[in-house]
Amino acid sequence: MTRAEIEREVLAWIAEGVDAPADDARFERLALALFRIQHTGNAPYRRLCAAFGVEPERVRSWRQIPSVPAGAFKEARLAIFPPEATLRTFRTSGSSTDARGALHLDTLALYDASLVATFAAFLCPDVERIRFLVLAPSAAEAPDSSLSYMFERAMRELGTPDSRSFVHAEGWDVDILVAELASLEAKVLLAGTAFAFVHLLDALEARRMTLTLPAGTRVMETGGFKGRARELTRDELHGGIAQRLGVPRARIVNQYGMCELGSQFYEASLRTGVASDCKVVPPWVRTRVLDPATLFDVAPGDTGVLVHYDLANTGSVLAVMTSDLGLAVDGGFRVLGRLRGAEARGCSLAADALLDASGAMR
Amino acid sequence: MTELAQLADARRALEPERTITALARAFELWRAPGSPWRERLAREHRVYSPAMIERGVTSALAGWTADTLANLRARELPEVFAAPRVTAVWLAGSIPPSAFSAIALPLLAGSAVYAKTPAADPVSARLFAESLRSVDPAVGAAVAIGADEKALEECDAVVAQGSDETIAAIRARVRPARPFLGYGHKLSLAAIGPGIDPVSAAQQLAQDVALWDGRGCLSPAWALVSDSPRGRAAELAHALAGALEELDETLPRGELSVAESADLLELRARAAVREGTRLELAAGASTWTVVLESGEVRPPAGTLRFISVVPFTELDGLARFWGPLAPHLSCVGHAGFGGGLARLGTFAVEAGASRLCPLGRMQLPPLDWNHDGQGPLRPLVRRLDVEG
């Protein structure tokens, strides 16, 4: 199969929607074909396979496809096309001195298709269009942010014309946002980063305001805090949103995504009417929970590292290992938090972060 | 806290000679052949292999004698001084000798100790306190293990280990004008000059990489190796791989946590995808990784028996490499610099290092070392300047 043929098939699968059968044979065939193309066309990935003793001809199942830890995206251009063919590059968040991971794309067709299919299914299951109020910068202001791109793309496909973002390069319009929220008469989709919601909750508390947003309103929060706000647990954040904005917890959805992946994961709360912290895996993606020491699946009920196999990642690598601890559950997975490996290392903790902070030499 | 009052009372037993004798006897118990204390620690410690506990504790405590303690006290403390009644010691990490010395030093200065053990190693401090009680119950009574954070506010002095964030958070709780010794983020490296046979250097370096499984801030995060003549760094990297493989038999690595395994996997993957690197890995699952870098790049810092060998051709290259690490550089392990050692020392201290030691001894600091450039006892006590 050529890459174009694979992409056509994956696009067709995505077009069937998130409720399409998660056909294992179909996934196997496409994943193996894609792996061979990526192994051939991606020298850094080839080096990784060789270092870990993986011979491509011996890979007979998608489960044998070597995954690339997300940190490796900081080290090399993991793409199967030449740099001049790059259409868009998304980078992981970080300061200007940090080494940042990057996902290079030479087509947005699969990225967009996966993004819109899942966003529509999990955040707009009951509406064709809804007004978006976004607590993240626009894609024009943050061109390398996959999150800003996602919001903008979803807004274009699913938003009403009066949708808008309230965060800008120079700050955010908290007064305008609070006034807007206080005067809402129709349901909205309020979407943004977790730390932006913390700032919003703090702003409401400072004003001693408690709102009840119109019925049908839904909230989508994503991402961690990354030192940009006081850290809250999921329960505290969702509880705060429910209490200060008057949005029931079953209408608050956490999205789990990463810059290095073409697809995102959502909770199905809005589809089922029941609050859930289980992330649903779309049919064109597989998620495993691995023991990083053995690279075998952990026993059912055990925690391990989340590894995603995403057929929408045609131009880079389809198998990406996260730095997140997770648990497989029926229909998806739960994210239990970031891996923290440094407890036993005491004062040598975060040496890599020190290196990043002190400026890259390369 | 009533516990602190009891400790302050127990402090009366901390007369210098008695304390020195008790500490020296406790250290002797720990390093004695067939020490039951070491055996207990090996059984109860969840991070390291029994062989690691055996070798690590014995080697680290080799010079921790009554003479060393007496000399340290004489060097650091004046005739007239006031020691804290009780020092809160907030431990971090998992390396037993580090916990032992953190408890022993305030005692040597005449202060009782309230120690909080780290999550990764709740055993070492507790057993050391027990061993001290076994040799001298009165001196041992001046040590308590607990976790009450009120001690940070109520003790007369605080010693804290951990991340920079942890140190900052603890410092914020210490009352003004009270002694505070914080040991935050640090890392170390090995520098190998042209004057040593690469195979010998690799043998020594392997000890530093393997001891305590590459944990702790004295473990080399990188090995900078003179590549003159060209190919020497590669030769050393290959020999290092062989030496680490041998140590895997005699000094096996302990179990890694899920997160540590993931960290290690990521380090390996990052090295593998980086252009120009060469990975030395044993067939099958190896417990160590040696990466030969292609030039004066600074790859991610190694840990858990993962080490990058970075070739350099001139001493200035070293300064370029480690200069930006200041003030986080702790120890530089050296070999093969001959007459260039003084210049190396200048570079190291300018980059924030507080220890320059022979290769193979990086993980074995003497008891009286100036950890992070701070005297071991002097900052804890109040001195009196008497003017005529």
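Residues numbered from 1 in each chain as written. Chains lettered and ligands numbered in written order. Predicted model: local features only at pLDDT ≥ 70, side-chain atom pairs only at ≥ 80, totals over all residues.

**Details of the overall build of chain A**
Part 1 of the argument: Counting its regular elements, chain A contains 10 helices and 16 strands.
Part 2 of the argument: Relative to the globule expectation of 21 Å for 362 residues, the C-alpha radius of gyration of chain A, 20 Å, shows essentially globular dimensions.
Part 3 of the argument: Based on the C-alpha atoms only, the size of chain A along its principal axes is roughly 60 × 50 × 45 Å.
Part 4 of the argument: Counting only residues that meet the buried cut, chain A has 49% of its 362 residues in that class.
Part 5 of the argument: The contacts in chain A between residues at least 6 apart in sequence include a share of 68% that link residues at least 24 apart. (Helix = DSSP H or I, 4+ residues; strand = E, 2+ residues; numbered from the N terminus. Rg over C-alpha atoms; globule rule 2.2 N^0.38 Å. Buried ≥ 20, exposed ≤ 12 C-beta atoms within 10 Å, placed from the backbone. Contact = placed C-beta atoms within 7 Å.)

**A closer look at the overall build of chain B**
Part 1 of the argument: A tally of regular secondary structure across chain B gives 15 helices and 14 strands.
Part 2 of the argument: For chain B, whose C-alpha radius of gyration is 21 Å, the value lies close to the compact-globule estimate of 21 Å for 388 residues.
Part 3 of the argument: Dimensions of chain B, computed from the C-alpha atoms along their principal axes, are close to 65 × 55 × 35 Å.

**Points about the nonpolar core**
Part 1 of the argument: Within the largest apolar cluster, 241 residues are counted, with the highest numbers of intra-cluster contacts made by Ile103(B), Ile192(B), Leu224(B), Leu240(B) and Val309(B).
Part 2 of the argument: Excluding residues that lie within four positions of it along the chain, Leu240(B) makes contacts with Ala202(B), Leu205(B), Ala206(B), Val290(B) and Val309(B). (Core = buried A, V, L, I, M, F, W, Y, C linked by C-beta atoms within 7 Å.)

**Notes on the sheet that holds strand E4 (residues 143-145) of chain B**
Note: strands within a sheet are paired through backbone hydrogen bonds, in either parallel or antiparallel orientation.
Residues and elements named next belong to chain B.
Part 1 of the argument: Read from one edge of the open sheet, 5 strands run E4-E3-E2-E5-E6, paired in parallel fashion. A strand with exactly one partner marks an edge of an open sheet, and here the two such strands are E4 and strand E6 (180-183). Here the average twist between neighbouring strands, direction ignored, is 15°.
Part 2 of the argument: For strand E3 (residues 112-116) and E4, the ladder comprises 3 bridges, and the chain directions are parallel. In the strand pairing of E4, Val113 is matched with Val143.
Part 3 of the argument: The strands touched by helix H1 (residues 2-10) are strand E2 (86-90), E3 and E4; relative to E3, the strand with the most contacts, the crossing angle is about 140°. (Pairing = 2+ DSSP bridges. Axes fitted to C-alpha atoms, helices over the stretch in contact; angles between N-to-C directions.)

**Remarks on helix H2 (residues 24-41) of chain A**
Residues and elements named next belong to chain A.
Part 1 of the argument: The end-to-end C-alpha separation of H2 is 25 Å, in line with the 26 Å expected for 18 residues at 1.5 Å each.
Part 2 of the argument: Buried within H2 are the following residues: Leu30, Ala31, Leu34, Phe35, Gln38 and His39. Down the axis of H2, the sector holding all buried residues measures 160°, keeping them to one side. Counted as exposed and oriented over 90 degrees from the buried face of H2: Ala25 and Thr40.
Part 3 of the argument: Buried residues in H2 make contact with helix H1 (3-15), helix H3 (43-51) and strand E14 (303-310). (Expected span 1.5 Å × (residues − 1). Arc of directions from axis to C-beta.)

**Quick look at helix H2 (residues 16-31) of chain B**
Residues and elements named next belong to chain B.
Part 1 of the argument: Under the 1.5 Å per step criterion, the end-to-end length of H2 is 22 Å for 16 residues, consistent within 8% with the ideal 22 Å.
Part 2 of the argument: Buried residues of H2: Thr19, Ile20, Ala22, Leu23, Ala26, Phe27 and Trp30, and no others. The buried side chains of H2 occupy one side of the element, clustering within an arc of 165° when seen end-on.
Part 3 of the argument: Contacts from the buried residues of H2 go to helix H3 (36-44), helix H4 (50-60), helix H5 (66-76), helix H6 (96-109), helix H7 (124-135) and helix H8 (137-140).

**Observations concerning the sheet that holds strand E9 (residues 278-280) of chain B**
Residues and elements named next belong to chain B.
Part 1 of the argument: Strand order across the open sheet formed by 7 strands is E9-E10-E11-E8-E7-E12-E13, with mixed pairing between neighbours. One side of each edge strand has no neighbouring strand; the edge strands of this open sheet are E9 and strand E13 (355-358). Going across the sheet, the axis of each strand differs from the next one's by a mean of 25°, ignoring polarity.
Part 2 of the argument: For strand E10 (residues 289-292) and strand E11 (residues 306-312), the ladder comprises 4 bridges, and the chain directions are parallel. Residue Val291 lies in a different strand from E11, and its bridge partner there is Ser308.
Part 3 of the argument: Taken strand by strand, helix H14 (residues 315-322) contacts strand E7 (187-192), strand E8 (220-226), E11 and strand E12 (329-335), and its axis lies near 135° from that of E11.

**Let's talk about the confidence of the model for chain A**
Part 1 of the argument: Taken over all residues, the pLDDT of chain A has a mean of 90, while the share at 70 or more is 91%.
Part 2 of the argument: Across residues 348-362 of chain A, where pLDDT falls below 50, the model places 40 contacts with residues more than four positions away in sequence or in other chains. (pLDDT = per-residue confidence, 0-100.)

**Here we look at the packing of H1(A) against H2(A)**
Residue and element names in this part refer to chain A.
Part 1 of the argument: It is the contact of H1 with H2, at a shortest axis distance of 10 Å, that shows an interaxial angle of 145°. The element H1 and its partner H2 pack so that their crossing is left-handed. Contacts from Arg3, Ile6, Glu9 and Val10 in H1 reach Leu30, Ala33, Leu34 and Ile37 in H2.
Part 2 of the argument: A per-class count over the contact of H1 with H2 returns 6 nonpolar, no polar and 2 charged. (Left-handed = near helix turned anticlockwise from the far one by under 90°. Nonpolar A, V, L, I, M, F, W, Y, C, P; charged D, E, K, R; others polar.)

**Comments concerning the confidence of the model for chain B**
Part 1 of the argument: Chain-level pLDDT for chain B is 94 on average; 99% of the residues reach the 70-or-more range.
Part 2 of the argument: What the predictor reports for the complex is a pTM of 0.90 with an ipTM of 0.88.

**Some details on unusual backbone geometry**
Residue and element names in this part refer to chain B.
Part 1 of the argument: For the bond running from Ser228 to Pro229, omega is 5°, close enough to zero to count as cis.
Part 2 of the argument: The omega torsion of the bond from Ala326 to Pro327 falls at 5°, within 30 degrees of zero and hence cis.
Part 3 of the argument: Summarising the element assignment, Pro327 is placed in the loop between H14 and E12.
Part 4 of the argument: Here the phi dihedral of Trp212 falls at roughly 55°; this positive angle occurs in a residue that is not glycine.
Part 5 of the argument: Structurally, Trp212 can be placed in the loop between helix H11 (198-210) and E8.

**Description of the pairing of strand E16 (residues 332-338) of chain A**
Residue and element names in this part refer to chain A.
Part 1 of the argument: By the bridge criterion, 2 bridges tie strand E11 (residues 279-280) to E16 in an arrangement that is antiparallel. Within the sheet, the bridge partner assigned to Lys279 lies in E16 and is Phe333.
Part 2 of the argument: Both strand E15 (residues 319-329) and E16 contribute to a ladder of 6 bridges, which runs antiparallel. The residue bridging Leu325 from the neighbouring strand is Gly337, located in E16.
Part 3 of the argument: Count of turn residues in the E15/E16 antiparallel hairpin: 2 residues, of which Gly331 carries a positive phi of about 85°.

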